[in-house]
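Residue-level structural notes
Here is how the chains run, residue by residue.
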Amino acid sequence: MSYQNLLVESRDGIAFVTVNRPEKLNALDDRTVEELEAAFTAIAHDPATRGVILTGAGEKAFVAGADIGELATQSPVDGRERSIRGQRMLDLIEGLGKPVVAAVNGFALGGGCELAMACHVRIASTSAKLGTPEVKLGIMCGYAGTQRLPRLVGKGRALEMLLTGEMVDAPEALRIGLVNRVVPPAALLPEAEALLRKMLANGPVSLRFILRAVNDGLEMGLGGAQHLEATLFGLICTTEDMKEGTKAFLEKRPARFQGK
Ligand code: COA
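Residues numbered from 1 in each chain as written. Predicted model: local features only at pLDDT ≥ 70, side-chain atom pairs only at ≥ 80, totals over all residues. Heavy atoms only, no water.

Attention now goes to the side chain of E114. Tracing the chain through its elements places E114 in helix α4 (residues 111-118). A polar side-chain atom of E114 sits 2.8 Å from the main-chain amide nitrogen of Y143. Every residue in contact with E114, bar those within four places of it in the chain, is listed here: L90, E134, C141, G142, Y143, A144 and G145. (Helix = DSSP H or I, 4+ residues; strand = E, 2+ residues; numbered from the N terminus. Polar contact = N/O pair within 3.5 Å; in protein donor to acceptor, adjacent residues only side chain to side chain. Contact = heavy atoms within 4.5 Å.)

Put into structure tokens, the structure is as follows:
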């Protein structure tokens, strides 16, 4: 499939997805949201793609938010629909079942911060700035930022960011747990790829089940979440990967996981 506002390349099992509207700081207009949904749907169904790196084109921005030009004229019905479409696309990323690393190469604001938060891990360049400035526009997050931000950084820090609309720089984002690592701009993509490849060296079924246990479990009570974990643990004991991983350890050799 060809995209107008995305670049999608595959290399050795990794899809590199780049939001490509640098002249608008990669702002998410409706078309870009649709293309992201199409790209991640294709990735979900492609067994050859085992993980994803998501970034923004150019040196300035990861994604500077939803497209304010579109927001400015929306009716209440449009606004609700746009919010639901954006939330659905981000849920698709979070629930992909394959690790997604956000390489935050510059501004990640509003919908861009929400997009980064839907990814499983965030690596930021030293030049990155993250924030939820919607409040300054007389609006609020519509792509689940009011929900994912407190889950990542805690309620107090989230409310400070949401209510002031002020950005945090990369060291502060690291300090509060909004990003996992900060690296110089030139190291961003290599570091993101190295981290993802470490994950992909493990069995795909393990990765999928761990993502499921953490994503779904965090939304449940402890008892239900432990029940989910035990069920997934039982299920993983039926896999060839479990036999291979434990056997390889006992035979003192690297495991060769097949994802079965
Ligand atoms: N939606 C639509 N267009 C956007 C945009 C957005 N979220 N963010 C940036 N752009 C556009 C600008 O309008 C400008 O377009 P133009 O050249 O046609 O005028 C272009 O991208 C470059 O942005 P500019 O503002 O000139 O860059 P800057 O370096 O001076 O400032 C920012 C960078 C990120 C601080 C500033 O662009 C900004 O505040 N953007 C909006 C962030 C935001 O509120 N996001 C949440 C939206 S819900």
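Backbone geometry places L25, a non-glycine residue, at a positive phi of 50 degrees. Looking at the secondary structure, you find L25 in the loop between β2 (14-19) and α1 (30-44). The class of L25 is partly exposed, set by a relative accessible area of 25%. The backbone phi angle of K252 is positive, close to 55 degrees, even though this residue is not glycine. Residue position: K252 is located in the segment after α11 (240-250). (Buried < 20%, exposed > 50% of the residue type's maximum accessible area, 1.4 Å probe, protein only.)

Here we come to the packing of helix α3 (residues 76-94) against α4. Across the interface, α3 lies against α4 with an axial gap of 8 Å and an inter-helix angle of 30 degrees. Judged by the inter-axis angle, α3 sits roughly parallel to α4. Where α3 approaches α4, its residues M89, L90, I93 and E94 are matched on the opposing element by E114, L115 and A118. Residues that form the contact of α3 with α4 fall into these classes: five nonpolar, no polar and two charged. (Axes fitted to C-alpha atoms, helices over the stretch in contact; angles between N-to-C directions. Parallel < 35°, antiparallel > 145°, perpendicular 65-115°, else oblique. Nonpolar A, V, L, I, M, F, W, Y, C, P; charged D, E, K, R; others polar.)

Before going further, it helps to examine the pattern of salt bridges. Following the criterion strictly, the structure yields 21 salt bridges and no others. One salt bridge in this structure joins K243 and E240, with 3.5 Å as the shortest N-O distance. Taken together, the residues K243 and E240, both in helix α11 and three residues apart, mark about one turn of the helix. You can call K243 partly exposed: its relative accessible area is 46%. Classification of E240 as partly exposed rests on a relative accessible area of 44%. (Salt bridge = Lys/Arg side-chain N within 4 Å of Asp/Glu carboxyl O.)

The next thing to look at is the pairing of strand β5 (residues 100-104). With five of five residues buried, β5 is to be regarded as a mostly interior element. Burial along β5 is two-sided: the residues V100, A102 and V104 and V101 and A103 are all buried. Pairing of strand β3 (residues 51-56) with β5, which is carried by three bridges, proceeds in the parallel orientation. Along β5, the bridge assignment pairs I53 with V101. Looking at chain direction, β5 and strand β7 (residues 121-125) are connected through four bridges and run parallel. The residue bridging V104 from the neighbouring strand is A124, located in β7. (Pairing = 2+ DSSP bridges.)

What follows deals with the sheet that holds β5. Sheet architecture is open: six strands sit in the order β1-β2-β3-β5-β7-β10, paired in mixed fashion. Among the strands making up the open sheet, the edge pair consists of β1 (6-11) and β10 (181-183). For this sheet the average axis-to-axis angle between neighbouring strands, irrespective of direction, equals 20 degrees.

Note that M199 resides in helix α8 (residues 188-200). Between the alpha carbons of M199 and R50 there is a distance of 9.7 Å; along the sequence they are 149 residues apart.

What follows is about α8. Under the 1.5 Å per step criterion, the end-to-end length of α8 is 18 Å for 13 residues, consistent within 8% with the ideal 18 Å. Those residues of α8 that fall on the buried side of the exposure criterion are L188, A192, E193, L195, L196 and L200. Taken end-on, α8 shows its buried residues confined to a sector of 165 degrees, consistent with a single buried face. (Expected span 1.5 Å × (residues − 1). Arc of directions from axis to C-beta.)

Turning our attention to a nonpolar patch on the surface. Nonpolar side chains collect at one region of the surface, where I68, L137 and I139 lie side by side and expose about 260 Å² of accessible area between them. Relative to the helices and strands, I139 resides in the loop between β8 (129-131) and α5 (145-153). Overall, I139 belongs to the partly exposed group, its relative accessible area being 37%. (Patch = residues over 30% accessible without salt bridge, like charges linked within 9 Å, V, L, I, M, F, W, Y side chains within 5 Å. Areas by Shrake-Rupley, 256 points an atom, 1.4 Å probe, with all protein chains shown as cover.)

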